[in-house]
Amino acid sequence: MSEFVSMPLALAAEQFAKLPGIGIKTAQRLAYHLLNLPVAEVEEFSENLIVARRSVHLCGCCQNFTEREICEICADDNRDKGVICVVENPKDVSAFERAGGFDGMYHVLHGLLSPIDGITADDLKIKELISRLADVKEVIMATNPTVEGEATAMYIGRLIKPMGIKVTRLAYGLPAGSALEFADDVTLVKALENRNEL
């Protein structure tokens, strides 16, 4: 930021710029907007962020975000516990739930394999997935159709197939290189319906 901008404003903009998808110009706009709000609103905003960060943690079963020990999806007895849909991040669970059409369980990896970025299998929630497979008949690999997503799906598929569990991959109704969170509901449902075995 320019030398004519106050240091607290510059520091606020720097914090916003740390968020994904926020460039320096947007960060500056957000910082200026923050300074135009009443102090009480800014305090409420910051308190809500702190409460969310302190109260939300990983589900002891699927690794999705929750306030409870076990999330609502894992605790739901009406869901098919024999099918697990493996996704990259919690936003993907939200996308599938919003679309409807899937009544199984989820498992969130919290990332994808990426040797270039130093992300290995030990950095993901793969061990937690393997520990859940005792009564599972199918694992759906629903990682994004990117190089990292494909590599992760193939890696996990090779671990699971020797256990006699059916491993499927979402059908290619999704554009290559895109993210699940931006797909429309119909595309997600069709991708689930037309998944293929690895």
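The text that follows walks through the structure, step by step, so that each part is easy to find.

### A short note on the overall build of the chain
Part 1 of the reasoning: Across its full length, the chain holds 8 helices and 7 strands.
Part 2 of the reasoning: Its C-alpha atoms give the chain principal-axis dimensions of about 65 × 35 × 35 Å.
Part 3 of the reasoning: Buried positions account for 39% of the 198 residues belonging to the chain.
Part 4 of the reasoning: When contacts within the chain are restricted to residue pairs at least 6 apart in sequence, those whose partners lie at least 24 apart make up 57%.
Part 5 of the reasoning: When the accessible surface of the chain is split by element, carbon and sulfur atoms take 56% of a total near 11,700 Å².
Part 6 of the reasoning: Side-chain charges of the chain comprise 20 positive and 29 negative groups, with the mean position of each set lying 4 Å from the other.

### Details of unusual backbone geometry
Part 1 of the reasoning: Unusually for a residue other than glycine, Gln63 sits at a positive phi of about 75°.
Part 2 of the reasoning: Relative to the helices and strands, Gln63 is located in the loop between strand E1 (57–58) and strand E2 (65–66).
Part 3 of the reasoning: Of note in this structure, His110 is not a glycine but carries a positive phi near 60°.
Part 4 of the reasoning: Checked against the element boundaries, His110 lands in the loop between strand E4 (104–108) and helix H6 (126–130).
Part 5 of the reasoning: The class of His110 is partly exposed, set by a relative accessible area of 27%.

### Side note on helix H2 (residues 24–36)
Because each turn of an α-helix spans 3.6 residues, side chains separated by three or four positions end up pointing in the same direction.
Part 1 of the reasoning: Helix length check: H2, at 13 residues, gives a terminal C-alpha distance of 19 Å against a target of 18 Å (1.5 Å per residue), a fit within 8%.
Part 2 of the reasoning: Tucked inside the fold, the buried residues of H2 contact helix H1 (7–17) and helix H3 (39–55).

### Brief notes about a negative patch on the surface
Part 1 of the reasoning: Taken together, the side chains of Glu41, Glu43, Glu44 and Glu47 define an acidic patch exposed on the protein surface.
Part 2 of the reasoning: If you trace the backbone, Glu41 turns up in helix H3.
Part 3 of the reasoning: Using a relative accessible area of 41% as the deciding quantity, one classes Glu41 as partly exposed.

### Comments concerning the environment of Thr143
Part 1 of the reasoning: With respect to the element layout, Thr143 can be found in the loop between strand E5 (138–141) and helix H7 (147–160).
Part 2 of the reasoning: Contacts of Thr143, omitting those with residues within four sequence positions, involve Val86, Leu109, Leu112, Gly149, Thr152, Ala153 and Arg169.
Part 3 of the reasoning: A distance of 2.8 Å separates a polar atom in the side chain of Thr143 from the backbone oxygen of Gly149.

### Some points on the side chain of Thr168
Part 1 of the reasoning: By the element assignment, Thr168 lies in strand E6 (residues 166–169).
Part 2 of the reasoning: Thr168 gets classed as buried once you look at its relative accessible area, which sits at 2%.
Part 3 of the reasoning: Engagement of the side chain of Thr168 in a polar contact is seen with the side chain of Glu138, the distance being 2.8 Å.
Part 4 of the reasoning: Among residues more than four places away in sequence, those in contact with Thr168 are Glu138, Val139, Ile140, Met141, Arg195, Asn196, Glu197 and Leu198.

### A look at the sheet that holds E4
Part 1 of the reasoning: Pairing in this open sheet of 5 strands is mixed, and the strands run E4-E3-E5-E6-E7 from one edge to the other. The open sheet has two edge strands, E4 and strand E7 (196–197), and neither has a second partner.
Part 2 of the reasoning: Where strand E3 (residues 80–87) meets E4, 5 bridges bridge the pair, whose relative direction is parallel. From the neighbouring strand, Cys85 faces E4, where its bridge partner is Tyr106.
Part 3 of the reasoning: Relative to E6, H7 is tilted by about 170°, and along the sheet it contacts E5 and E6.

### A few points about the side chain of Arg79
Part 1 of the reasoning: Here Arg79 lies in the loop between helix H4 (72–75) and E3.
Part 2 of the reasoning: Arg79 sits in the buried class, given a relative accessible area of 12%.
Part 3 of the reasoning: In this structure the side chain of Arg79 is engaged in a polar contact, spanning 3.1 Å, whose partner is the backbone oxygen of Phe102.
Part 4 of the reasoning: There is a polar contact of 2.7 Å between the side chain of Arg79 and the backbone oxygen of Gly104.
Part 5 of the reasoning: Once residues within four sequence positions are removed from consideration, Arg79 is found in contact with Ile73, Glu97, Phe102, Asp103, Gly104, Met105 and Tyr106.

What counts, and at which threshold
Residues numbered from 1 in each chain as written. Predicted model: local features only at pLDDT ≥ 70, side-chain atom pairs only at ≥ 80, totals over all residues. Heavy atoms only, no water. Helix = DSSP H or I, 4+ residues; strand = E, 2+ residues; numbered from the N terminus. Buried < 20%, exposed > 50% of the residue type's maximum accessible area, 1.4 Å probe, protein only. Contact = heavy atoms within 4.5 Å. Areas by Shrake-Rupley, 256 points an atom, 1.4 Å probe, with all protein chains shown as cover. Lys, Arg positive; Asp, Glu negative; His and termini not counted. Charge placed at Lys NZ, Arg CZ, Asp CG, Glu CD. Expected span 1.5 Å × (residues − 1). Patch = residues over 30% accessible without salt bridge, like charges linked within 9 Å, V, L, I, M, F, W, Y side chains within 5 Å. Salt bridge = Lys/Arg side-chain N within 4 Å of Asp/Glu carboxyl O. Polar contact = N/O pair within 3.5 Å; in protein donor to acceptor, adjacent residues only side chain to side chain. Pairing = 2+ DSSP bridges. Axes fitted to C-alpha atoms, helices over the stretch in contact; angles between N-to-C directions.

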